[in-house]
Amino acid sequence: MLPLSFRLRLFLSFSLLWLLFLASALYLAGRAVEGALRGHLEATLLQDARRAAEAYRLGQAGVLLTTGGVYLHLYAADGEPLVLTQPEHRLPQGALQGVGETPKAVWERGFAAALVRTPLGLLALTQDTAPIELALAALRRALLEAFFFLFPLGVLLVYLTARLAALPLEHAAREIAGRSPERLDPVALSLPKDEFGGMVQAVNGLLRALREAKEKERAFLAEVSHELRTPLTVLLGHLDRLGRNPLDGEALTSARATAERMRRLVEDLLALARGEAERALNPHIVDLKALAGEAAREQGVAFRGEALEVLGDPDRLLQMLRNLIANGVRAAGQEGVEVRLLRQGDWALLEVEDRGPGIPEDLLPRLFQRFARGPGGGTGLGLAIARAIAQAHGGEIAVESRPGCTVFRVRLPLLREEEEA
């Protein structure tokens, strides 16, 4: 069975509603007219019956005339007819039971009657219902003709309404169906803020999210390349030395260390991409001054600081420092970056200051999120990795920035005596 389109389902639903409404309205109209005609005839007969009974009690029966299509009949108390002015209107015995001084109405086939008890017997006033039946028959024909005229007209209007209502949705469906996976720009449709407009807005939001995800994917690949370029260059240099001197033990050791750092870096990048917050550390007693000096020398920036020790993973801490220094070099160049290390109570405070253009205020709250882009280039993945490493060591990282001066501050807990022992 083929699925029905939205327009067809809408058309069929409203057509059915229109059929039920029209049939109910015409039926109720017919019943209302029939009730009004019958009610008027019944009220007239009851009023005439009360007047006739009153005349009989006052001895004025001779003044009553059977005019206007109303016939007077008189029955004995046992139901035997005494006077029948219209034999076809003779009432059955059952209809004459229980008649009192208050008139009551009785409907028989072809006529209606009003009965009342008088001193002379049971008085019955009857009138033909043929005119009412003729009027009702004419009314039914008129209502039937109205139905056959109004129903197709209503169905046509329902079709036009369903087509008009479904038109924006059909345009949106054609626009979206014609898209390729590479075309992720919003659907350019101007719709009112109704259900269809909300649906298109939701689709546009999804397209924007997909486009941002693709941009972040490309940025992630670019940042991975950036993060791996430096250790790969170092590794190739050591391998070149080994090629010229296979017995160079220092070069072999450095090559192995660099390869291990690259392996750890790849694991960090995968963990960061997967959203993993916890990372396994390889803790050592780290001479933070030597580590920071090494990172500064690698990138040709100034360094000054005092000898401090922390408990941490030297490879991870070196990676964090490289990321922060590289971020400053991109913003201000090697000459505009300075690395400082000092004691702050029980904490080691690492500061990386650059004299670049500064970070926009709207970017500061999300600077350490993945793929947040600063004015110096990059994607923010390096800063996200730096924050994750600092937090994994029980520390924290913060930034202050204004035009001409940006300072990244990393606080790490100093090595305690029991940890050193």
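Scroll up to find the structure this text is about.
Residues numbered from 1 in each chain as written. Predicted model: local features only at pLDDT ≥ 70, side-chain atom pairs only at ≥ 80, totals over all residues. Heavy atoms only, no water.

**Here we look at the environment of Ile-397**
As a reminder, the rule being used: Here a helix means four or more residues in a row that DSSP labels H or I, a strand means two or more in a row labelled E, and each is numbered from the N terminus. For each residue, the accessible area found with a 1.4 Å probe, counting protein chains only, is set against the maximum for its type, and the residue is called buried under 20%, exposed over 50%, and partly exposed in between. For this analysis, residues touch if any pair of their heavy atoms sits within 4.5 Å.
Assignment of secondary structure puts Ile-397 in strand β11 (residues 396-402). For Ile-397, a relative accessible area of 13% translates into the label buried. It is 8.2 Å that separates the C-alpha atoms of Ile-397 and Ala-386, two residues lying eleven residues apart in sequence. Each residue touching Ile-397, except ones within four places of it in the same chain, is listed here: Leu-324, Phe-368, Ala-386, Arg-387, Ala-390, Arg-409 and Val-410.

**Here we look at the pairing of strand β5 (residues 121-128)**
Put simply, the rule reads: Strand pairing follows a simple DSSP-based rule, namely that at least 2 bridges must link the two strands.
Taken across its eight residues, β5 has seven buried, putting it largely inside the fold. The sheet contact formed by strand β1 (residues 70-75) and β5 spans six bridges and is antiparallel. Looking at β5, one finds that Leu-74 is bridged to Leu-123. Pairing between strand β4 (residues 111-118) and β5: eight bridges, direction antiparallel. The residue bridging Arg-117 from the neighbouring strand is Leu-122, located in β5. Taking the residues that link successive antiparallel strands as the turn, the β4-β5 hairpin has two residues.

**Here's the deal with helix α5 (residues 288-299)**
Residue pairs three or four apart in sequence face the same way in an α-helix, which turns once every 3.6 residues. The line we're drawing: Expected helix span is given by 1.5 Å per residue-to-residue step, counting one fewer step than there are residues. Nitrogen and oxygen atoms within 3.5 Å of one another constitute a polar contact, given that in protein one can donate a hydrogen and the other can accept it, and given that sequence-neighbouring residues count only through two side-chain atoms.
Given a rise of 1.5 Å per residue, twelve residues ought to cover 16 Å, and the 17 Å separating the end C-alpha atoms of α5 matches this to within 8%. Every buried residue of α5 is accounted for by Leu-288, Leu-291, Ala-292, Gly-293, Ala-295, Ala-296 and Gln-299. One side-chain oxygen of the residue at the start of α5 lies 3.2 Å from the amide nitrogen of Lys-289, identifying that residue as Asp-287. Backbone geometry just after α5 places Gly-300 at a positive phi near 70 degrees.

**What about the sheet that holds β11?**
Two orientations exist for strands paired in a sheet by backbone hydrogen bonds: parallel and antiparallel. The criterion, for reference: Helix axes use the C-alpha atoms of the stretch in contact, all axes being lines fitted to C-alpha atoms, and the angles between their N-to-C directions lie in the range 0 to 180 degrees.
Taken in spatial order, the five strands line up as β7-β9-β10-β12-β11 in an open sheet, and their pairing is mixed. Taken across any chain shown, the strands that pair with only one partner, and hence form the sheet edges, are β7 (302-305) and β11. Pairs of neighbouring strands in the sheet enclose a mean axial angle of 15 degrees, with direction left out of account. Pairing of strand β10 (residues 347-354) with strand β12 (residues 405-413) involves eight bridges; the strand directions are antiparallel. For Leu-350, the partnering residue across the bridge sits in β12 and is Val-410. α5 rests against β7, β9 (337-344), β10 and β12 of the sheet, and its axis sits at about 170 degrees to β7. Helix α6 (residues 314-332) contacts β9, β10, β11 and β12 of the sheet and is inclined by roughly 25 degrees relative to β10.

**Some remarks on the sheet that holds strand β2 (residues 81-84)**
If you walk across this open sheet you meet the five strands as β2-β1-β5-β4-β3, and the pairing is antiparallel. Edge positions in the sheet fall to β2 and β3 (104-108), since each has one partner strand and no second. Neighbour-to-neighbour, the strand axes of this sheet turn through a mean angle of 25 degrees, independent of strand direction. Bridge count for β3 against β4 is five bridges, and the pairing is antiparallel. Bridging from a neighbouring strand, Val-106 pairs with Ala-113 of β4. Contacting β1, β3, β4 and β5, helix α1 (residues 6-57) runs over the sheet at an angle of about 25 degrees to β4.

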